Every structure is written in C-alpha cells, then in structure tokens.
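Examining the three-dimensional arrangement
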Amino acid sequence: MTGPPPHPNDPEQLPVEAVLYEAGFPVDLLTEEQRLVLGELTPQELTLLLDVKNRLDAVGPEVQAHGEIAGGALF
C-alpha cells in the first residue's frame, strides 16, 4: 500500500449517500431511484453539489426570511 490511509471524512472514500447525509441532504426522504442517481455521481459532481449547497446555506437565513415575509411565494 502506498500513501496514507484514506481519511474517513474524505468524500471520495465514503459512499455518496453518506457524504450527502452528513452535509445535510435529506437522503432518507428520497426515492430509491433518486438515491441510485446520486450514487452514480462522479467525485467532481459530488464536489460541485456540495459546493452549491454550501453557498446556498451561506445565504440561507436571508432567503428564509424572504420566504416567511412573502408567505413562501418565492419558493
């Protein structure tokens, strides 16, 4: 074996569903078909999806406040 052992939190070493669950995606609410699609994500697609979620979460409180004011009409 060459190199260090895989880090347990390395997205490329964990099943995609586990990585998404840890990131806060409600994977337990998805259909089996949706889980299969997510399970086929490439490492690059997973990284992109996690990046988009992080950026959305960063502005979450502002978006959430607008949704409450508008009665959820925006989303």
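These numbers were taken from a predicted model, which means no experiment stands behind them.

Here's the deal with the packing of aromatic side chains
Tallied over the entire structure, the rule returns zero aromatic pairs. Taking NZ or CZ as reference, Lys53 lies 5.7 Å from the ring centre of Phe25, over its face.

Some remarks on the environment of Glu17
Topologically, Glu17 is positioned in helix H1 (residues 16–22). Residue classification places Glu17 among the partly exposed residues on the basis of a relative accessible area of 35%. Linking Glu17 and Val27, residues 10 residues apart in sequence, is a C-alpha distance of 6.8 Å.

Details of the nonpolar core
Counting residues in each nonpolar core, the largest one holds seven residues, listed as Val16, Val19, Leu20, Val27, Leu41, Leu46 and Leu50. Among the elements of the structure, H1 and helix H3 (43–58) are those that each provide at least two residues to this core. Not counting the four nearest positions on each side in its chain, Val27 is found in contact with Glu17, Leu20, Tyr21 and Arg35.

Thresholds applied
Residues numbered from 1 in each chain as written. Predicted model: local features only at pLDDT ≥ 70, side-chain atom pairs only at ≥ 80, totals over all residues. Heavy atoms only, no water. Phe/Tyr/Trp six-rings, centres within 6.5 Å; stacked < 30°, edge-to-face > 60°. Lys NZ or Arg CZ within 6 Å of the ring centre and 35° of its normal. Helix = DSSP H or I, 4+ residues; strand = E, 2+ residues; numbered from the N terminus. Buried < 20%, exposed > 50% of the residue type's maximum accessible area, 1.4 Å probe, protein only. Core = buried A, V, L, I, M, F, W, Y, C linked by side-chain atoms within 4.5 Å. Contact = heavy atoms within 4.5 Å.

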